[in-house]
Amino acid sequence: MKHSYYLLFLIIPLFFSCTQEDNQIVEIGIIPKPLFQQINKGVFILDEDIRFISDVKLSEVSNYFKLYIEENYQLSFAPHKEAKEIVFNIDDAITNEEGYKLKIQENNILIVSKNSKGAFYAVQSLLQLLPIKSNNLAIAIPCLELRDEPQFKYRGMHLDVGRHFFSIDFIKKYIDLIARLKMNTFHWHLTEDQGWRIEIKKYPKLQEIAAYRNETLVGHYNEQPHQFDGEKYGGFYTQEQIKEVVAYAQTRQVTIIPEIEMPGHSQAAIAAYPALGCTGEQVEVATKWGVFDEVYCPKESTFKFLEDVIDEVVALFPGKYIHIGGDEAPKTNWKKCAHCQKIIKEKKLKNEYGLQSYFIARMEKYINSKGKQIIGWDEILEGGLAPNATVMSWRGTSGAIQAAKEGHDVILTPSSHCYFDHYQSDNENEPLAIGGFLPLEKVYHFNPIPEELTKDESRYVQGAQGNVWTEYMQTEKQLEYMAFPRVVALSEVVWSSPENKNYIDFISRLAQYQKRLDQLDVNYANPIYAVKGDLKNKAGRLSYELSTISSTYPIYYSIDESAPSKLYSNPIPVDSSMTIKAVLLDSKNTALGDIFNQKINLHKGVGAKISIDKEPHPAYNTGGKKALINGISGNNKRYGDKEWLGFSGEDIEITIEFDSPTNINTISTRFYNGNGQWIYAPKEIGFSFQLEDGKTINDIRKIEEKDKLLVNYSFATTSISVTRIEIIIKNYGIIPEGQQGAGHKAWLFIDELIIE
Ligand code: ACM
Ligand code: ZN
């Protein structure tokens, strides 16, 4: 066969620069960023004359690599005597179980690891040095050395297949995609109120009844009245299919953690077997999202059912963990149930939270007896933690902090940084999502170790996980859009050392990685060409600064509702209300990314002094207190953007002071009221206006519009001349039973205070 050495276009600049200086450290695009990398002189030519030499313990990985090359490139391996070598060796001196060394030299590639995990990750790095696709008969790989190991042991991605069901092929694709990013855990959320998705042979009604719902909510849960599509929906995975997925995941060093929810999120199972609930009444598999009162009743027959389920589950999943859920289990039915109350008395439990703790501890004992450990969502802390449980902290980090202080392993999945069901851009045209705002950069900057932990306590932090709840993801393409590229950012959070992390550098590597995602047919969101804006106030002079993380294309803008056409160079002076539009244009004037659109309303509060008696919660304080009077309103759907401020369970008092007496007629604001996300508009707001003449006007108003997502509040008066306004906002209080987050303090989210 004719040998033709076409050099990979992408790599040419790299080794041109290397020839000038040996051992020069050059950026190459591996994600997640390796611990140590050094580019050396020269290239290794990967062609047909390659000999694979592997320690037998690593032969599966070397075969994986060989097969990958054969399937994706035109090379055919026909080893002969002088062939160059790709060598897989074991070295026990490598201390990290998943660590590896990769050395690419002109005549060989050496992969050294403690075991097949490290070798697999070495191969993943190597694959990122290969061209996306090549029809050439040889590929040049730059000579380099990598020494690499992960920061965290647990690097996970979750997927909810209960709300929407995804095919086995898609599950494999998802596992493959996360494995390429050196993630090692797939948390498979298999049971939900809206559908039971794992075949349990002993209980056929789980397949016949629990796996299907009669119809599905249309639109957002917060849109009232609820509408339904009238179409039966569902499905489940057979045990044979699950075995196939487990085996597939093993070839990619991914452990699967199955989640079997208890005692809550179990309405589908109760629909199939009503005796599992407290009332015994027939219920239907849930057709809308949320938290439901139907939970397992802790009867002996219920435990028998769950133990039988666990028996079949442990036989399918070889990993050490079984996730038992534990989140969002309303106590409504338990309070009314004679049996539940009897157990509370007999077992001398404090209350229904004690009963939940009893429930989980009892199931933990059973699961431990099968040689497995449990993981539960942070609610399992309430009423006392089961002795050996690992806690998955999702309601912020406090669950992780408490559990680690109690000496339990923890996994960080706070909704503020790890919920990939939240919106990811400011663009109002993004597909419908549950709410919230989690841009790529926020994911990237996540630190899984809570500041509150001492060094000693922080060793309980096993790692972090991104969660993909699928209420609003009906299709694979939409799911991919929500997960990517946030998974890519998270991979660096959990793998790379903090010193090696740099967002700008990450973005340049992401731009390359996106080409791989294209090849893999992944429908990712693309934040690279997004325009960002920031209102600046320099000694009372306002200007609006535009920026983008892409250094390749210029920003064009307009301030008069027209299409952006002026080249941006300096901050735009803001001396009147205006709408700024901006976009990146290429040399042919084609827009890259979406048009950025920002309305600025220079109302009378802009430029005044503001103070708040409480700090907003750190996760929802991006814009700081000034965000409430900067002339910019928050996004209609994303309470986590830099204009909304979020407070957890507190009453707040805001004071606005004017430099000079100011005539005003109205003051209006809005509150986010996403009850599904535990966010409630306040019931009451009080004002105190300090007038120029020394008098004070006090006013307390009730807030009525309970059913709306955005509750507007406006106080109107005849013109008054004020020097100072105090606003007292009472938090909604404890979330009522039957609602998501029942029993917990409500969040309060407030937007711009518009004074006119
Ligand atoms: C959860 O998001 N309910 C764990
Ligand atoms: Zn009961």
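**Examining the coordination of the zinc ion (ligand 2)**
Alright, step 1. Looking at the metal site, the zinc ion (ligand 2) is ligated by Cys278 (SG), Cys297 (SG), Cys337 (SG) and Cys340 (SG), spaced 2.2 to 2.4 Å from it.
Alright, step 2. The site at the zinc ion (ligand 2) holds four donor atoms, and with the angles between them running 103 to 113 degrees, its shape is tetrahedral.
Alright, step 3. Mapping the donors of the zinc ion (ligand 2) onto the primary sequence gives the spacing C-x18-C-x39-C-x2-C. Taken together, the positions of Cys297 in the loop between helix 7 (267–272) and helix 8 (300–316) and Cys340 in helix 10 (residues 338–346) put the pair 43 residues apart, joining distant regions of the chain. Of the two residues, Cys297 and Cys340, both sit in the buried class.

**Re helix 11 (residues 352–369)**
Given 3.6 residues to a turn, an α-helix orients residues that are three or four positions apart in the same direction.
Alright, step 1. Over its 18 residues, helix 11 extends 26 Å from the first C-alpha to the last, a length consistent with the 26 Å expected when each residue adds 1.5 Å.
Alright, step 2. Taken together, the buried residues of helix 11 touch strand 15 (255–262), helix 8, strand 16 (321–325), helix 9 (332–336), helix 10 and strand 17 (373–377).
Alright, step 3. A positive phi of about 80 degrees marks Gly371, the residue just after helix 11.

**Concerning the pairing of strand 34 (residues 696–702)**
Alright, step 1. Strand direction decides the pairing type here: strand 33 (residues 684–691) and strand 34, joined by seven bridges, are antiparallel. Residue Phe687 lies in a different strand from strand 34, and its bridge partner there is Asp699.
Alright, step 2. Once strand 33 ends, the chain turns through four residues before running back antiparallel as strand 34, passing Gly694 with a positive phi of about 90 degrees.

**Structural notes on the packing of aromatic side chains**
Alright, step 1. By the definition in use, this model includes 39 aromatic pairs.
Alright, step 2. Pairing Trp394 with Tyr419 gives two aromatic rings, centres 6.1 Å apart and planes at 15 degrees, and the pair type is stacked. Of this pair, Trp394 sits in the loop between strand 18 (390–393) and helix 12 (398–405) while Tyr419 sits in the loop between helix 13 (415–418) and strand 20 (422–423), placing them 25 residues apart in sequence. By the burial criterion, Trp394 is buried, and Tyr419 matches it.
Alright, step 3. On the numbers, 5.1 Å between centres and 75 degrees between planes, the contact of Tyr620 with Phe749 is edge-to-face. Of this pair, Tyr620 sits in the loop between strand 30 (609–612) and strand 31 (645–648) while Phe749 sits in strand 36 (residues 747–750), and the two are 129 residues apart along the sequence. Here the two residues Tyr620 and Phe749 agree in accessibility, since each one is buried.

**A short note on the sheet that holds strand 29 (residues 591–600)**
Alright, step 1. Across the sheet, which stays open at both edges, the four strands sit in the order 26-25-28-29 with antiparallel pairing between neighbours. Each having just a single partner strand, strand 26 (566–567) and strand 29 make up the two edges of the open sheet.

**Description of the pattern of salt bridges**
Alright, step 1. Counting across every chain of the model gives 38 salt bridges.
Alright, step 2. Residues Lys370 and Asp311 are paired through a salt bridge, measuring 3.3 Å at the closest nitrogen-oxygen approach. Here the residue Lys370 occupies a position in the loop between helix 11 and strand 17, and Asp311 occupies one in helix 8, the gap between them amounting to 59 residues.
Alright, step 3. For Asp311, a relative accessible area of 29% translates into the label partly exposed.
Alright, step 4. Across the pair Asp693 and Lys695 runs a salt bridge, and its minimum N-O distance is 3.9 Å.

**A few points about the environment of Gly743**
Alright, step 1. Relative to the assigned elements, Gly743 resides in the loop between strand 35 (710–730) and strand 36.
Alright, step 2. A C-alpha to C-alpha distance of 33 Å links Gly743 and Ser369, two positions 374 residues apart in sequence.
Alright, step 3. Among all residues touching Gly743, those that are not within four sequence positions of it are Tyr353, Ile734 and Ile735.

**Topic: the sheet that holds strand 27 (residues 572–573)**
Alright, step 1. Spatially, three strands are ordered 23-24-27 in an open sheet, and the strand pairing comes out antiparallel. Of all strands in the sheet, those with a lone pairing partner are strand 23 (531–538) and strand 27, marking the two edges.
Alright, step 2. With eight bridges joining them, strand 23 and strand 24 (residues 541–548) adopt antiparallel strand pairing. In the strand pairing of strand 24, Lys536 is matched with Ser543.

**A short note on the confidence of the model for the chain**
Alright, step 1. Residues with a pLDDT of 70 or more make up 95% of the chain, whose mean pLDDT is 91.
Alright, step 2. Predicted confidence in the chain is weakest over helix 1 (residues 12–20), with a mean pLDDT of 34, and strongest over strand 8 (residues 185–189), with 99.
Alright, step 3. Low pLDDT, under 50, characterises residues 1–27; the stretch is placed with 51 contacts to residues that sit more than four places away or in other chains.

So, how was this worked out
Counting from 1, residues in each chain are numbered in the order their sequence is written. Going through the entries in the order they are written, you letter the chains from A and number the ligands from 1. Residues qualify for local features only when their pLDDT is at least 70, as the model is predicted, and side-chain atom pairs are given and counted only at 80 or more; totals for whole chains, interfaces and linings, by contrast, use all residues. To get the side-chain values, take all heavy atoms of the structure and skip hydrogens and water. Distances up to 2.8 Å from the metal define which N, O and S atoms are donors, and 3.2 Å serves for Na, K and Ca; water is absent from the atom set, so sites may look incomplete. Irregular is the default label, applied whenever a site is not tetrahedral (four donors, all angles between 85 and 135 degrees) and neither square planar nor octahedral (four or six donors, opposite donors over 155 degrees apart, all other angles between 65 and 115). Labels follow the DSSP assignment, with helices taken as runs of H or I lasting at least four residues and strands as runs of E lasting at least two, numbered in each case from the N terminus. Working definition: with a 1.4 Å probe on protein chains only, accessible area under 20% of the residue-type maximum means buried, over 50% means exposed, and in between means partly exposed. The span expected for a helix works out to 1.5 Å for each residue beyond the first. Here, two residues are considered to be in contact whenever any of their heavy atoms come within 4.5 Å of each other. Pairing between strands is defined by DSSP: at least two bridges between the two strands are required. Note on aromatic contacts: the rings of Phe and Tyr and the six-membered ring of Trp form a pair at centre separations within 6.5 Å, being stacked when their planes are under 30 degrees apart, edge-to-face when over 60 apart, and tilted otherwise. One speaks of a salt bridge when a side-chain nitrogen belonging to Lys or Arg is within 4 Å of a carboxyl oxygen belonging to Asp or Glu. Per-residue confidence from the predictor is reported as pLDDT, a score between 0 and 100.

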